[in-house]
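# Examining the three-dimensional arrangement
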2 protein chains.
Amino acid sequence: MTSDHSLSRRGFMLVLSSPSGAGKTTVARHILEREKKISLSISATTRPQRPLETHGIDYHFVSPETFSKMVEEDHFLEHAVVFDHHYGTPKSFVEAHLADGQDILFDIDWQGTQTLKQKAPTDVVSIFLLPPSLEVLETRLRNRAQDHEETVLLRMSQAASELSHWGEYDYVLINNDLEVAVESVLSIIRSERLKRQRQEGLPLFVRGLHA
Amino acid sequence: MTSDHSLSRRGFMLVLSSPSGAGKTTVARHILEREKKISLSISATTRPQRPLETHGIDYHFVSPETFSKMVEEDHFLEHAVVFDHHYGTPKSFVEAHLADGQDILFDIDWQGTQTLKQKAPTDVVSIFLLPPSLEVLETRLRNRAQDHEETVLLRMSQAASELSHWGEYDYVLINNDLEVAVESVLSIIRSERLKRQRQEGLPLFVRGLHA
């Protein structure tokens, strides 16, 4: 079941945002497993590497000094500070993928989304995941073994302000059920690929019809 | 596999357009069979009833006099003349469905689409179906037993000008394969339902999260 044809197409940046614990990272992982033509944007970050993370796959883990130099040399499409750590999206990676008709998935917060939309409004498709309840959010945060109690409390207090940004997104999903959420995101990906403006090969195709 | 939740939602008008013979009526029929929450807009028309058509299901077949009266009394959201016959979309039907969160499928041409978009820009989702080639188009038109040779020739000559309107649509599909086309339209329907602006119940839901 594919909607592919051979027309050339411009890729898009699919942004998934949610308060911590609302499931965006889990949904993103499932999307990447089931939809081979979208790849994850790999951010550079100054935050410490976690046990199960791999450098160059999950993030590019860089020193604060390296990060500052990359900012100075304008290597980032967007960069922001979250929980005292720096995160940035390398420009070159994004530009090359979009021009080649490949889509890129971003697991970023509302600050990064705002910057991306400001810089490339027609290339961004944004989705906000809402938790079904704040209780579910807290349970998910507490189940993360590597987060300390104070991190849980800090994130819960931030959830309320993160939630307030749902109104800036193109699509809003309530993450009641992982499978439904994943299917919904897959539908959004498939339909966004069919948007007239992304199908750069259409004028040539229609001209060919008359030939 | 559904993306439903209990939030109230405003319906949308899904417009399917294509040159005659590019398959829009067949695709529309499959969508209506597989997606129960969308119903066909039933137009009033002055064109003669065909053998397999049912009054009140396919069209409301009305006399030219009745049609004129409905135009005068402003009963139509849009109306147009196609191949010497009048077609019109009754306002009351559309308004009631959209407010109730039900989607309506329109099998109309670019003229009707332009009018709908002009009158209700945020409620219209438009899809243009392109034939894979003009040869396929002609074959399909010739296979319609009830169309006379002169009708086929007239429609072929009109296909070129109808094709020129693909650039006015939100989504463009090449109808190479019926199943792919139907799946593509279903993805568009599912994702459009998740657009933030259609989910009128969201502000209340988010307020409830904090309660």
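See the structure above.
A brief report on the enclosed structure follows. (Residues numbered from 1 in each chain as written. Chains lettered and ligands numbered in written order. Predicted model: local features only at pLDDT ≥ 70, side-chain atom pairs only at ≥ 80, totals over all residues. Heavy atoms only, no water.)

The helix and strand tally for chain A stands at 8 helices and 9 strands. Its C-alpha atoms give chain A a radius of gyration of 18 Å, within 12% of the compact-globule value 17 Å for 211 residues. When the backbone C-alpha atoms are referred to their principal axes, chain A occupies close to 70 × 40 × 30 Å. A separation of at least 24 residues holds for 70% of the contacts in chain A among residues at least 6 apart in sequence. Carbon and sulfur atoms provide 52% of the accessible area of chain A, an area that totals close to 10200 Å². Looking at charge distribution, chain A has the averaged site of its 23 positive side-chain charges lying 6 Å from that of its 30 negative ones. (Helix = DSSP H or I, 4+ residues; strand = E, 2+ residues; numbered from the N terminus. Rg over C-alpha atoms; globule rule 2.2 N^0.38 Å. Contact = heavy atoms within 4.5 Å. Areas by Shrake-Rupley, 256 points an atom, 1.4 Å probe, with all protein chains shown as cover. Lys, Arg positive; Asp, Glu negative; His and termini not counted. Charge placed at Lys NZ, Arg CZ, Asp CG, Glu CD.)

Next up on the list: the sheet that holds strand β3 (residues 43-45) of chain A. All names here are of chain A. Taken together, the 4 strands give an open sheet; going across it, the order is β4-β3-β6-β5, and neighbouring strands pair in mixed fashion. In the strand order of this sheet, the two ends are held by β4 (59-61) and β5 (76-82), each with one partner. Averaged over all neighbouring strand pairs, the angle between strand axes comes to 25 degrees, with direction disregarded. The pairing of β5 with strand β6 (residues 85-90) spans 6 bridges and is antiparallel. Looking at the pairing, Val82 lines up with His85 of β6. Along the sheet face, helix α2 (residues 64-72) touches β3, β5 and β6 and points at about 140 degrees away from the line of β5. (Pairing = 2+ DSSP bridges. Axes fitted to C-alpha atoms, helices over the stretch in contact; angles between N-to-C directions.)

To continue, consider the pattern of salt bridges. On inspection of all chains with the given rule, the structure shows 24 salt bridges over all chains. Across the salt bridge formed by B:Lys91 and B:Asp74, the nearest N and O atoms sit 2.9 Å from each other. Of this pair, B:Lys91 sits in helix α3 (residues 91-99) while B:Asp74 sits in the loop between α2 (64-72) and β5 (76-82), and the two are 17 residues apart along the sequence. In this structure, a network of salt bridges that share partners links the residues A:Arg9, A:Glu35, A:Asp103 and A:Arg193. (Salt bridge = Lys/Arg side-chain N within 4 Å of Asp/Glu carboxyl O.)

When chain B is brought onto chain A, the operation consists of a screw motion whose angular component is 180 degrees and whose axial shift is 0.0 Å, with 0.0 Å RMSD remaining. On this basis, the relationship between the two copies can be described by a two-fold rotation axis. Closest approach to the rotation axis among the C-alpha atoms of chain B is made by B:Ser187, whose C-alpha sits 2.4 Å away. Looking at the interface residues of chain B, 100% of them are also at the interface in chain A, so both copies use one shared face. (Least-squares fit on C-alpha atoms with pLDDT ≥ 70 in both.)

Looking now at the sheet that holds β5(B). All names here are of chain B. What the 4 strands build is an open sheet, ordered β4-β3-β6-β5; its pairing is mixed. Looking at strand neighbours, the two that pair on one side only are β4 (59-61) and β5, the edges of this open sheet. Each adjacent strand pair in this sheet contributes to an overall mean axis angle of 25 degrees, direction not counted. Each of β3 (43-45), β5 and β6 (85-90) is contacted by α2, which is oriented at about 140 degrees to β5, the strand it contacts most. The sheet contacts of α3 involve β5 and β6, and relative to β6 the element is tilted by about 35 degrees.

Scope: geometric values only; no functional claims are made or implied.
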